[in-house]
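Structural overview for review
The lines below spell out each chain.
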Amino acid sequence: MNKPIEFDPAELDLGTPATLATETVTVLIDGTEVVVPAGTSVMRAASLAGTQIPKLCATDRLDAFGSCRMCLVEIEGRRGTPASCTTPCEEGMSVRTQTPRLDKLRKGVMELYISDHPLDCLTCAANGDCELQDTAGAVGLRSVRYPEARANHLSAGTDSSNPYFSFDASKCIVCSRCVRACSEVQGTFALTIAGRGFESKVSPSEEDSFLDSECVSCGACVQACPTATLQEKRVIDLGVPTRKVKTTCAYCGVGCSFVAELRGDELVRMVPDKQGGANAGHSCVKGRFAWGYASHPDRVTRPMIRDSINDDWREVDWQEAIAFTADRFKAIQTEYGVDALGGITSSRCTNEEVYVVQKMVRAALGTNNVDTCARVCHSPTGYGLKQTFGTSAGTQDFASVEQSDVIMVIGANPTDAHPVFGSRMKKRLRQGAKLVVIDPRSIDLVRSPHVAASHHLQLQPGTNVAVLNALAHVVATEGYIDEDFVRERCDLASFNAWRRFIELPENSPEHLAEISGVSADLIRSAAATYAGGGNGAIYYGLGVTEHSQGSTMVMAMANLAMATGNIGRQGVGVNPLRGQNNVQGACDMGSFPHEFSGYRHVSDDSVREQFTALWGVGLREDPGMRIPNMLDAAVSGQFRGIYIQGEDIAQSDPNSHHVEEALKAMDCVVVQDLFLNETSRYAHVFLPGTSFLEKDGTFTNAERRINRVRPVVPPASGMAEWQVTCALSAAMGYPMDYGHASEIMDEIAALTPTFTGVSFDLLEARGSVQWPCNDAAPDGTPIMHEQRFVRGEGQFVTTPYVPTDERSTRKFPLLLTTGRILSQYNVGAQTRRTENTIWHAEDILDIHEADAELRGVGDGDWIEVSSRAGSTRMRARISGDIPAGVVYTTFHHPISGTNVITTDNSDWATNCPEYKVTAVEIRPASAAEAVPA
Amino acid sequence: MTLDYTQQHLVKMANQIAGNVPSPEDVAGQIADHVTRFWTPAMRSDLGRIGREEPGVLASEVHAALAVLEADGTGR
Ligand code: SF4
Ligand code: SF4
Ligand code: SF4
Ligand code: FES
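The structure presented is a predicted model; accordingly, all values stated were derived computationally and were not measured.

The rules we used
- Residues numbered from 1 in each chain as written.
- Chains lettered and ligands numbered in written order.
- Predicted model: local features only at pLDDT ≥ 70, side-chain atom pairs only at ≥ 80, totals over all residues.
- Heavy atoms only, no water.
- Helix = DSSP H or I, 4+ residues; strand = E, 2+ residues; numbered from the N terminus.
- Rg over C-alpha atoms; globule rule 2.2 N^0.38 Å.
- Buried < 20%, exposed > 50% of the residue type's maximum accessible area, 1.4 Å probe, protein only.
- Contact = heavy atoms within 4.5 Å.
- Areas by Shrake-Rupley, 256 points an atom, 1.4 Å probe, with all protein chains shown as cover.
- Salt bridge = Lys/Arg side-chain N within 4 Å of Asp/Glu carboxyl O.
- Polar contact = N/O pair within 3.5 Å; in protein donor to acceptor, adjacent residues only side chain to side chain.
- Pairing = 2+ DSSP bridges.
- Axes fitted to C-alpha atoms, helices over the stretch in contact; angles between N-to-C directions.

1. Examining the overall build of chain B
The helix and strand tally for chain B stands at four helices and zero strands. When the helices and strands of chain B are read in sequence order from the N terminus, they spell out α-α-α-α. Taken against the 2.2 N^0.38 rule, which gives 11 Å for 76 residues, the C-alpha radius of gyration of chain B at 11 Å falls within 12% of a compact globule. If you line up chain B on its principal axes, its C-alpha atoms span 35 × 25 × 20 Å.

Below you can see the structure in the form of structure tokens.
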């Protein structure tokens, strides 16, 4: 099942990208007939026919450029020798790719390149993995006629400033592939070809070093470079890899596919997979380079236990750790009842690992007290999309954005948090799609090279629903409703109630302008753009969900999309950008206390009967506790033991003091993780987890795509995480017998209607599939709700704006909002243990100039941030990205303890914490020190 | 009865649900439905006790919802 992937013909570089044309043309390549889509280049047609035309500047990841003159061909009836990469096939064309004239020309070109290239192939890091070397061989170059004394670039220096790759200018052939990759694929435009003719050279912006330039270290240029000029440092240090395993990135919800390339058992590099359904060969700095944490010396690889949290940890074997945990759990059950125990599943773990944890909680512990870390990020998505559309998932595949005409980004920062999708979105924006950004911050997308938002609705934190209602008011009152769509596809009674509500003057842009801080004109114009501009797509992030009205806001966006008919086809939709790699999967797998897998309520008798029949155990019909309820119950002494899979709740959950108090009050806290963390300070059992490189299973990304995660190296702890969970379950009296992770997926498929067609065999054959995948949709479902909504008719929900309790006051006059940056990830447990810290060594508070001046705070000063929940310190940065009255920070470093200051306010429907609004005050830290506690 | 942290949180959650349920019609029914679908029986019965012993802390709609729950036997 986990064979290393050897040669894959699909990996062949066909030279130029595929065209989307449906008509075909027939051409003759060296006498062989080939049928290709119209617009296909001669080079690609030849590759498809099995003939590789020598090339240097062309690659199928980039548009053809035609600069190297290596790919010349002869075409019957045409003069000269055109470049095959830039010549489109025409019906009946007859092409010769090998003639004495072509051989001579190609040799001549190659000779020029080689005469200005160090001839150190045998000791070069790319020896055996270099297109220049291959092409020199292919054209049969045997000698170089030009004298070495001729002007050359052989002494040009090396830029090693980037922690992961270096740039050896002496090896550059100025093919411009890197420059084009940076602009076309990544959309950063950090590289240029500076100078002309012989002087021309690749240069990061303003002739900076790579590190000091605009470069975001995505690796696209390294991937594109045909020589050793741009090369991973690990390849230079370790040598060219010898075997490959395909797997999936474990950072964000884009779910990029990678080829892990190893030398023996040592991972040399991660290369984005061109066949990857989510990423099509692109990557960001995290997935491409920041995986070194997996072998960091801080990894705990042996189980540990202790009687009390004041004791030192004691390393034990697996048996003892499991027995210790089971004894404690049983004692708790005896004394306090089964509901005194519970578990938390992790969005960083595989579907299979998550599934067995929730099964253990429900079947072995006998309670529905299971929740997931998605509680603190996307639980409102689950609630809101289920109410309106009937299922808790985004509506589109990522490729859909390529057909959007207007893109609305709400409370998300794709270029930092979902970078590969961000690049795809930017590509569409460069092609002319319009962009509406709704965010208190001026995120990068608002203005970046060749991309500018037509509208930036810079609202006050906490007023999302007001702004969405105002947009919908304009849609309803200015004739933008898609009446046909609503009549055919939606529940009319709910629509009519919504329409009456949304047309009320209290929802007008004029009425809501003052509350939201967004002018009525801007809202009216943005509404007209979204509703009247063709395919309108909504993409949103935690800036939508992590509010007291997070669920209301999700429903408000769904209303808007339905009212304008922007659902059920390519280019439109309502799409959550998921924070962690497997948020979608963790939710799908039945991690919420009220739902089994596939979002079916525990009170549904027929569903419970299916599970009971297969699991052989009676199941509870009432919902269990959510994370905040478990923590509350722990503080009041009723909840005594918890199994926490891969989540650092003491750092990531709001109001850290309360979380710590709750953890301290428990008799048995079990942490399953890679590293000791804040939560493990209060744990009695530490069960070493597996990194994504050791996992065998599946992740489901934000577009519902189920991707395989394959073990690249064996588990450092000797056990897969699901095996550990099963062992504990057995010790609790409920054995779960799986021989392999694929058998867990088989059980998921047997019990979950949207997964019935999913199996490891199917994923092996197809690469990935998007659920629902069942008899009705055996190939999966890229776009949802095409003919009808999952719930039948689309349900409109009225969404009155209710201001949060968290308001600025005289004591706490500023509103703090939080976010993340590109190079770091969540609480930073992984990225802080990589060289990514070079970009973000600490969390910093962004503050508007006027607010800083008022408080005597200068750029770079230490400040104290306090809220009614607590206070913490960090450094300040004067920023023009946020309006006066708002401050912003990231939460990647435990030392800054951002969640010490966040409060226990939460979404009304799901208890998702209100991370995005906390009333705070700032003062210079020196002054604060002088104030007695 | 002095409300502890957990009880205060329950009160806050219940009042927040009352202020946010989608439709202006049958608010009590919607609250009752919400806490039945998403709360544990123990949380519902704690809320009922708070309603009886500290009635002033709960919004009137929450009291109406408690009456609904009581009537269909899911309140405790
Ligand atoms: S690593 Fe990415 S951003 Fe940096 S120069 Fe290369 S392509 Fe551009
Ligand atoms: S660095 Fe590599 S990709 Fe860029 S121009 Fe030079 S050889 Fe080509
Ligand atoms: S975009 Fe997300 S999934 Fe893709 S490489 Fe970056 S972190 Fe990994
Ligand atoms: S590969 Fe065609 S011109 Fe370079």
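On we go from here.
2. A look at the overall build of chain A
A count of helical and extended segments in chain A gives 30 helices and 37 strands. Relative to the compact-globule value of 30 Å for 933 residues, chain A shows a C-alpha radius of gyration of 29 Å, a close match. In terms of principal-axis extent, the alpha carbons of chain A reach across some 90 × 70 × 65 Å. Counting every position in chain A, which comprises 933 residues, the buried fraction comes to 64%. In chain A, the proportion of contacts linking residues at least 24 apart, taken out of those at least 6 apart, comes to 72%. Total accessible area on chain A is roughly 32700 Å²; 49% of this is exposed by carbon and sulfur atoms.

3. As for the interface of chain B and chain A
By a frequent convention, interface size equals the accessible area lost on bringing the separate parts together. On the chain A side, the residues contacting the 23 residues of chain B number 30 residues. On the surface where chain B and chain A come into contact, there are one salt bridge. For the salt bridge of D622 of chain A with R44 of chain B, the shortest nitrogen-to-oxygen distance reads 3.7 Å. Scanning the region where chain B abuts chain A turns up nine residue pairs in polar contact (both at pLDDT 80 or more).

4. Some remarks on the environment of A884 of chain A
Residues and elements named next belong to chain A. Mapped onto the elements of the fold, A884 is located in the loop between β35 (871-878) and β36 (886-890). A884 gets classed as partly exposed once you look at its relative accessible area, which sits at 39%. Placed 232 residues apart in sequence, A884 and S652 show a C-alpha to C-alpha distance of 27 Å. Not counting residues within four places of it along the chain, the set of residues in contact with A884 comprises Q460, H848 and D851.

5. What about the sheet that holds β36 of chain A?
Residues and elements named next belong to chain A. Around the barrel, which closes on itself, the six strands sit in the order β32-β36-β33-β35-β34-β37 with mixed pairing between neighbours. When strand polarity is set aside, the average angle formed by the axes of neighbouring strands in this sheet is 45°. In terms of strand pairing, strand β33 (residues 844-847) meets β35 through four bridges, oriented parallel. Bridge pairing in β35 places I847 opposite I878.

6. Some remarks on the side chain of N469 of chain A
Residue and element names in this part refer to chain A. With respect to the helices and strands, N469 occurs in helix α13 (residues 464-477). Looking at N469, the relative accessible area reads 1%, which means it is buried. Aside from chain neighbours lying at most four places away, what touches N469 is F501, I502, N507, L512, A556, T799, P800 and Y801.

7. So, the pattern of salt bridges
Two side chains of opposite charge can pair, provided their charged atoms sit close to one another. Residue and element names in this part refer to chain A. The tally for this structure, following the rule as stated, stands at 49 salt bridges over all chains. Put simply, E747 and K359 hold a salt bridge, and the shortest N to O gap is 3.0 Å. Of the two residues, E747 sits in helix α26 (residues 741-751) while K359 sits in helix α9 (residues 351-364), which places them 388 residues apart along the sequence. Comparing E747 with K359, the two get one shared label, buried. The partner of R766 in a salt bridge is D779, and the shortest N-O contact between them spans 3.0 Å. Remark: D779 occurs in the loop between β31 (768-770) and β32 (814-819) and R766 occurs in helix α27 (residues 760-766); sequence separation between them is 13 residues. You can call D779 exposed: its relative accessible area is 54%. Each of the salt bridges in this network shares a partner with another, and the network as a whole consists of D129, E232, E261, R269 and R288.

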